[in-house]
Amino acid sequence: MSENPIVTKTRSLYRIFILCSLAFLNAACGGGGGSSKGGSSSSDGDGSPGGSTGLEGTLIFEKVVNKIHQYNLATNEAKEVLELDGVIGVDESQNLIFVEDDFQVEGDGVNFRVTTHTMDRNGNVISSFVKPGSFTLDVDPKVSPDGSVIAMYYEPENLGIPALVLVNRNGDTLRYYEDQHSHIRAFDWSPSGVLYIAEDDSIYKVDFQVGPGKQLVRKFNNSHVWDTLSISPNGMQVAFSMSQTSMTRGSGYFDLYVMNVDGTNLRVMVNNEEHDIHGAAWSPDGKHLAITRGIDVHDAIQPCRGALYIIKATAANLTLDENSPDVISLVDTLGDRFCSNPASVPIWADW
């Protein structure tokens, strides 16, 4: 039996309250909702030693709850800070895809809805559509390579259970992948339009040229794939966060792995005994990954609730604490603007 939507919504609001409380204790809680825009990034205490990474592209990440930062690595330039209470992705036209949920009270009932906006990089809304339903997990939307399909995770009103939902850019539903027990935690598209899905202890793919059914790529017995799944720009590898022991978060059980998209050549990229690896995003050229490390006390600038690192795509068995040419701590190199929300998954765009 599906959970009462009011209970689901209450849990979501309680989770937001806890996150904001923790963020406040660590200095600030990024408030606001909808598509309101913030000012310059200096408002978040972005002390910087003025370093450089020699990398290209723009990192998009959540610093504190609901504050989305955009940073051009090539020019060392911080862009507009957007105050967005929801989840975000990017499309092939260098726009942001922002998904938020809210509710309306009508008589004795409550109507939940999920709104998807296409925005420019300054937060100006280009188009929107609304779907009846509500969030169950904060999973970022992913846009197909041709820009025609958005993969979203929410609870459609007509289903009453969570689902990975494929919609076109007008909001018309194309297909559901129902998720009765909320085991779908991440997904991504390959450059050829194959959809990869992390579900419980397995990774699946959906090759629409073959059919809409899920095909098993690899099963990891007694393991849990979580938070992030990212396909390399050449479509040959998949990076993902996984624990092979406990589902307990915040204790270093979740490490970063990479393997070929056919399930072969699995290796550990990052194995930190104290802190989880929550998110990973490939650089546009496929030579590096940006990753989020949770509850970080390593960085020299100041302790962070979470921090962003850059690692080489060829890395293996890193701890992130070693002095290695395969690791760049962005906090140490560019300043505390790269102390991030420890639960966020970064985006590395090619603009």
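Before reading further, recall that the structure is shown in the block above.
What you are looking at is a predicted structure, and each value in this text was computed from that prediction instead of being measured.

Quick word on the nonpolar core
Right, on to step 1. L59, V270, L289, I291, I311 and F338 are the most contacted members of the largest nonpolar core, which has 34 residues in total.
Right, on to step 2. Taken together, the elements giving at least two residues each to this core come down to strand 1 (58-62), strand 19 (255-260), strand 20 (267-270), strand 21 (277-282), strand 22 (288-296), strand 23 (304-312) and helix 2 (330-334).
Right, on to step 3. Of all the elements, strand 23 adds the most residues to this core, at 6 residues.
Right, on to step 4. Filtering out sequence-adjacent residues up to four positions away, L59 remains in contact with H69, Q70, Y71, L73, A290, I310, L330, F338, I347 and W348.
Right, on to step 5. One finds F220, L229, M242 and Y257 within the second-largest nonpolar core, a separate group that totals 16 residues.

Considering the pattern of salt bridges
Right, on to step 1. Per the counting criterion, the structure on display carries 7 salt bridges.
Right, on to step 2. Notably, a salt bridge pairs D102 with R113, separated by 2.8 Å at the nearest N-O pair. One end of the pair, D102, is in strand 6 (residues 96-106); the other, R113, is in strand 7 (residues 109-119), with 11 residues separating them in the sequence.
Right, on to step 3. Among the residues examined, D102 registers a relative accessible area of 30% and is labelled partly exposed.

Some words on the sheet that holds strand 15 (residues 202-206)
Right, on to step 1. Here 4 strands make up an open sheet; going across it, the order is 13-14-15-16 and the pairing antiparallel. Every other strand in the sheet has two partners, leaving strand 13 (184-189) and strand 16 (215-219) as the edge strands with one partner each. Neighbour-to-neighbour, the strand axes of the sheet open up by a mean angle of 20 degrees, direction not taken into account.
Right, on to step 2. Alignment of strand 14 (residues 195-199) against strand 15, held across 5 bridges, turns out to be antiparallel. Bridged to Y196 within strand 15 is K205.

With respect to the packing of aromatic side chains
Right, on to step 1. All told, the structure shown has 7 aromatic pairs when counted by the stated rule.
Right, on to step 2. On the basis of an interplanar angle of 40 degrees and a centroid distance of 5.5 Å, the ring pair of F220 and F240 is categorised as tilted. Of this pair, F220 sits in the loop between strand 16 and strand 17 (224-231) while F240 sits in strand 18 (residues 237-243), and the two are 20 residues apart along the sequence.
Right, on to step 3. On the accessibility criterion, F240 (0% relative accessible area) is buried.
Right, on to step 4. Aromatic ring contacts, followed pair by pair, group F61, Y71 and F338 into a single cluster.
Right, on to step 5. The ring of W226 carries the charged tip of R185 above its face, separated from the ring centre by 4.0 Å.
Right, on to step 6. In this structure, K214 is placed above the aromatic ring of Y204, and the distance from its NZ or CZ to the ring centre is 5.0 Å.

Conventions used here
Residues numbered from 1 in each chain as written. Predicted model: local features only at pLDDT ≥ 70, side-chain atom pairs only at ≥ 80, totals over all residues. Heavy atoms only, no water. Core = buried A, V, L, I, M, F, W, Y, C linked by side-chain atoms within 4.5 Å. Buried < 20%, exposed > 50% of the residue type's maximum accessible area, 1.4 Å probe, protein only. Helix = DSSP H or I, 4+ residues; strand = E, 2+ residues; numbered from the N terminus. Contact = heavy atoms within 4.5 Å. Salt bridge = Lys/Arg side-chain N within 4 Å of Asp/Glu carboxyl O. Pairing = 2+ DSSP bridges. Axes fitted to C-alpha atoms, helices over the stretch in contact; angles between N-to-C directions. Phe/Tyr/Trp six-rings, centres within 6.5 Å; stacked < 30°, edge-to-face > 60°. Lys NZ or Arg CZ within 6 Å of the ring centre and 35° of its normal.

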